[in-house]
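# Topology and contacts: notes
Residues per chain are reported as follows:
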Amino acid sequence: MEALIPVINKLQDVFNTVGSDVIQLPQIAVVGTQSSGKSSVLESLVGKDLLPRGTGVVTRRPLILQLVNLSPEDRRKAAGEENDPNAWKNGRLYKGIESEEWGKFLHTKNKIYTDFDEIRQEIENETERISGNNKGISAEPIHLKIFSPHVVNLTLVDLPGITKVPVGDQPKDIEIQIRDLILRYISNPNSIILAVTAANTDMATSEALKVAREVDPDGRRTLAVITKLDLMDAGTDAMDVLMGRVIPVKLGIIGVVNRSQLDINNKKIVAEAIRDEYAFLQKKYPSLANRNGTKYLARTLNRLLMHHIRDCLPELKTRINVLAAQYQSLLNSYGEPVEDKSATLLQLITKFASEYCNTIEGTAKYIETSELCGGARICYIFHETFGRTLESVDPLGGLTTIDVLTAIRNATGPRPALFVPEISFELLVKRQVKRLEEPSLRCVELVHEEMQRIIQHCSNYSTQELLRFPKLHDAIVEVVTSLLRKRLPVTNEMVHNLVAIELAYINTKHPDFADACGLMNSNIEEQRRNRMRELPPSVPRDKGAPGDGTQDAGTGGWRGMVKASKSEDGAYEEKTKYMTSLPASPQKGHAINLLDVPVPVARKLSAREQRDCEVIERLIKSYFLIVRKNIQDSVPKAVMHFLVNNVKDNLQSELVGQLYKSLLLEDLLTESEDMAQRRNEAADMLKALQRASQVIAEIRETHLW
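Residues numbered from 1 in each chain as written. Predicted model: local features only at pLDDT ≥ 70, side-chain atom pairs only at ≥ 80, totals over all residues. Heavy atoms only, no water.

Looking only at helices and strands, one finds 24 helices and 10 strands in the chain. Out of the 705 residues belonging to the chain, those deemed buried represent 45%. Across the chain, contacts joining residues at least 24 apart in sequence account for 80% of those joining residues at least 6 apart. Accessible surface computed for the chain: about 36700 Å², of which carbon and sulfur atoms make up 51%. (Helix = DSSP H or I, 4+ residues; strand = E, 2+ residues; numbered from the N terminus. Buried < 20%, exposed > 50% of the residue type's maximum accessible area, 1.4 Å probe, protein only. Contact = heavy atoms within 4.5 Å. Areas by Shrake-Rupley, 256 points an atom, 1.4 Å probe, with all protein chains shown as cover.)

This is the structure:
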């Protein structure tokens, strides 16, 4: 058990070298109000005058004090062979030191202090160096290790005293600063809280116990110390307080008697003060003398710390192993320092190009699970986004029946037409096909944007080495972006040409179009015959259907869908005036001024006009669907060939040609300013964690677990 505290001291030394508190080590934090005797208690435990003393705020920085018990046997071992592993204790060799007691500071490296007055002066100097000459405080600790045969193994932290009112040049929020500093140390679940309270104050008003209860409400790691037992008012004693009748404390309440300021001024040594303390306790509290005093406090703290370390050690070992794995992974992500820059540059370029292509192909090492990316996203654009957009385009969108009728009339010129003019169909269908160009170009733009996103995806997930070299990363992004930018107008031109090809020649002999025409021809013929059957019996059948349509019915051409009747031709003159239709034919002898006839906003189309418009609309729809099917198939192919595959094939050669130059090597492979520093810090921390793991592994006492 006694070997546990040196183990923690070794761990403290290990982590002090990297200046990090990632591991919360077991230690004893001394808490109390200003001038309550905290530093005096510590000096009594050490047995030497080593801490600055005085009135007001004296302790202005945390002092981490490690007490190492050094027996004469250890010194005899140290005097032997220097290379003997047994000559080492806590990582320090004792050979060549004349005094039996000495101290060492972390900030002075290997300097040995055998004069404790020098230690006190060094503490004052180091405090002023960081905290200044005023009464300000600092959270940066001072590390001091004391080697002596007269101490027990302990690790204590002397903290600034709790104060309420700023004095001197102290900031107005000095109370909050000190409180936050104290909470930072006592919030550590692996720490024991030593709450110091003066006996000549009411324990119910103890600030130390109040702060301790905030972080340790159950009192499982709080030990109370009552100082200045000899300064209580005449006629009063601390019996009830020491017995725990006022405020019970689970770990106990121990009373001590410190040296007064007069004793310190008269150079009264600590050993003599401890003898006087023993005599006072025997006289004033004879029944409690064996459970109070500085020596009992030292043994109690040693025992509590050992048991506390025993309880914390398994969790501490697990924590160290987890952190070691994390820092090893972090160090691997930073990479090794570059030696062969030429080979490194070529390797990074090749790896990026390979990962870029693999992301498009779907064979990348890092598969995105939160969203589609790379080739899967491009496929989604082709078949979902682009496909659905084309399907949502109405073949007759933007065309009204009047537009179709007007186009038919305009195509006939001044002459009435017997048949629907073919030029009207061609003009209207080109207008509709032209509407497919915009979604096609938008498809190219979406694919281009996704290929831009793949660059960032590869940088973040696939080739983390690029993050080490920000200039190389920026250069690669610039080259790939330039290549994509160069291919974009070529691809857009090809897609534009695909639509232009469809507009250049309206193929009415297309097999799908011919089949559609034949089907519509049969449907219209059937509808005409149904209308003939519905005519009244008084109407001659020959007048209803001149020629019976036998002349053109079997041609199979789309002109055969136009079947004119005499009744329709007889009313042609009336219907041609579609902008000035009249309710009835004018009677003979009554002249009508056409300019005086009101023009209706809308009118009912004649049967022939409805038939002509219906034929044109059906033809447009049929041909539009054929062209849309062609565009939906050819645009993705064009984008893949001119943009995606072209970039994949030429990416590596483009990167090598632009970046693999001797003049650019030094500049491109310059690491970010903090990368080397972070790598060194991670390496140091990893070494410290590995060393800490070895220290804990040296414990072979199975009963500790």
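Moving on, there is more to tell.
Next up on the list: unusual backbone geometry. Keep in mind that most residues, glycine aside, have a negative phi and that most peptide bonds are trans. With phi around 60 degrees, K228 is a residue other than glycine that occupies positive phi space. Inspection of the secondary structure puts K228 in the loop between β9 (222-227) and α7 (239-242). Of the residues examined, K228 reaches a relative accessible area of 23% and is grouped as partly exposed.

This structure, assessed with the given rule, holds 4 aromatic pairs. Relative to F147, the ring of W102 has its centre 5.1 Å away and its plane inclined at 20 degrees; by these criteria the two rings are stacked. Residue W102 is found in strand β5 (residues 102-105), and its partner F147 is found in strand β6 (residues 142-148); the two are separated by 45 residues along the sequence. The residues W102 and F147 share a single accessibility class, namely buried. Between F105 and Y113, the aromatic rings sit 5.3 Å apart at their centres with planes inclined by 90 degrees, giving edge-to-face as the arrangement. Residue F105 shares its accessibility class with Y113, and that shared class is buried. (Phe/Tyr/Trp six-rings, centres within 6.5 Å; stacked < 30°, edge-to-face > 60°.)

Turning to the nonpolar core, a few remarks are in order. Y356, M451, L472 and L655 are the most contacted members of the largest nonpolar core, which totals 69 residues. Counting only elements with at least two residues in this core, the list comes to α11 (341-361), α12 (375-391), α13 (401-412), α14 (422-433), α15 (437-462), α16 (470-504), α22 (607-659) and α23 (662-668). Ranked by the residues each element gives to this core, the list is headed by α22, at 19 residues. Ignoring sequence-local partners within four residues, the contact set of L472 consists of L345, L348, L466, L659, L668 and L669. If you look at the next biggest cluster of nonpolar residues, it comprises 54 residues, including L194, V196, A298 and A682. (Core = buried A, V, L, I, M, F, W, Y, C linked by side-chain atoms within 4.5 Å.)

Here the focus is the packing of α12 against α22. Contact geometry for α12 and α22: axes closest at 11 Å, N-to-C directions at 150 degrees. Comparing the axis directions of α12 and α22 gives the class roughly antiparallel. Both α12 and α22 take part in a crossing whose hand is right-handed. Judged by residue contacts, I378, F382, F386, G387, L390 and E391 of α12 engage R628, I631, Q632, V635, P636, V639, M640 and V644 from α22. Residues belonging to the contact of α12 with α22 are distributed by class as follows: 10 nonpolar, 2 polar and 2 charged. (Axes fitted to C-alpha atoms, helices over the stretch in contact; angles between N-to-C directions. Parallel < 35°, antiparallel > 145°, perpendicular 65-115°, else oblique. Left-handed = near helix turned anticlockwise from the far one by under 90°. Nonpolar A, V, L, I, M, F, W, Y, C, P; charged D, E, K, R; others polar.)

Turning to the packing of α16 against α22, a few remarks are in order. As a packed pair, α16 and α22 sit with axes 8 Å apart at the nearest point and diverge in direction by 155 degrees. In this view, α16 runs roughly antiparallel relative to α22, as classed from their interaxial angle. Crossing hand, α16 versus α22: right-handed. When its residues are assigned to classes, the contact of α16 with α22 shows 23 nonpolar, 6 polar and 4 charged.

With 7 of its 7 residues buried, β6 lies for the most part within the structure. Pairing of strand β2 (residues 63-69) with β6 involves 7 bridges; the strand directions are parallel. Looking across to β6, one finds that V68 is bridged to F147. Strand direction decides the pairing type here: β5 and β6, joined by 4 bridges, are antiparallel. Following the sheet pairing, F105 is matched in β6 by L144. (Pairing = 2+ DSSP bridges.)

The next point concerns the sheet that holds strand β10 (residues 253-255). An order of β5-β6-β2-β7-β1-β8-β9-β10 is seen for the 8 strands of this open sheet, with the pairing classed as mixed. Since the sheet does not close on itself, it has two edges, and those belong to β5 and β10, each with one partner. The average undirected angle you get between the axes of adjacent strands in this sheet is 25 degrees. In the sheet, strand β1 (residues 27-32) pairs with strand β7 (residues 154-158) via 3 bridges, with the strands oriented parallel. Paired with V30 across the bridge in β7 is D158.

The next point concerns helix α5 (residues 174-186). With 13 residues, α5 ought to run about 18 Å at 1.5 Å a step, and its terminal C-alpha atoms sit 18 Å apart, in line with that. Among the residues of α5, those classed as buried are I174, I178, L181, I182, L183, Y185 and I186. Those residues of α5 that are buried are in contact with β1, β7, β8 (191-198) and α6 (207-215). (Expected span 1.5 Å × (residues − 1).)

Time to look at the pattern of salt bridges. Pairing of side chains with opposite charge becomes possible as their charged atoms draw close. Counted according to the given criterion, the structure contains 20 salt bridges. In this structure, K434 engages E437 in a salt bridge whose closest nitrogen and oxygen atoms are separated by 2.8 Å. Classification of K434 as partly exposed rests on a relative accessible area of 40%. Using a relative accessible area of 10% as the deciding quantity, one classes E437 as buried. A salt bridge links R442 to E449; the shortest N-O distance between them is 4.0 Å. Judged by its relative accessible area of 39%, R442 is partly exposed. By relative accessible area, which is 37% here, E449 ends up partly exposed. In this structure, a network of salt bridges that share partners links the residues R61, E126 and R129. (Salt bridge = Lys/Arg side-chain N within 4 Å of Asp/Glu carboxyl O.)

What follows covers the confidence of the model for the chain. Per-residue confidence for the chain averages 77 on the pLDDT scale, and 77% of its residues sit at or above 70. Ignoring residues within four places in sequence, the model shows residues 539-589, a span with pLDDT below 50, making 70 contacts including any to other chains. Low confidence marks residues 701-705, where pLDDT is under 50. Its contacts with residues over four positions away, or in another chain, come to 9 contacts. (pLDDT = per-residue confidence, 0-100.)

Along the chain, L619 turns up in helix α22. Separated by 190 residues in sequence, L619 and V429 have C-alpha atoms that sit 8.5 Å apart.

As a further point, take α12. With 17 residues, α12 extends 23 Å between its outermost C-alpha atoms, agreeing within 8% with the 24 Å of an ideal straight helix rising 1.5 Å per residue. Three or more residues of α12 are buried, namely G375, I378, I381, F382, F386, G387 and L390.

Turning to the side chain of T197, a few remarks are in order. When you line up the elements, T197 lands in strand β8. The class of T197 is buried, set by a relative accessible area of 6%. Here the side chain of T197 touches S206 through a polar contact of 2.8 Å, side chain to side chain. Residues contacting T197, with those up to four places away along its chain left out, are S206, A208, V225, I226 and T227. (Polar contact = N/O pair within 3.5 Å; in protein donor to acceptor, adjacent residues only side chain to side chain.)

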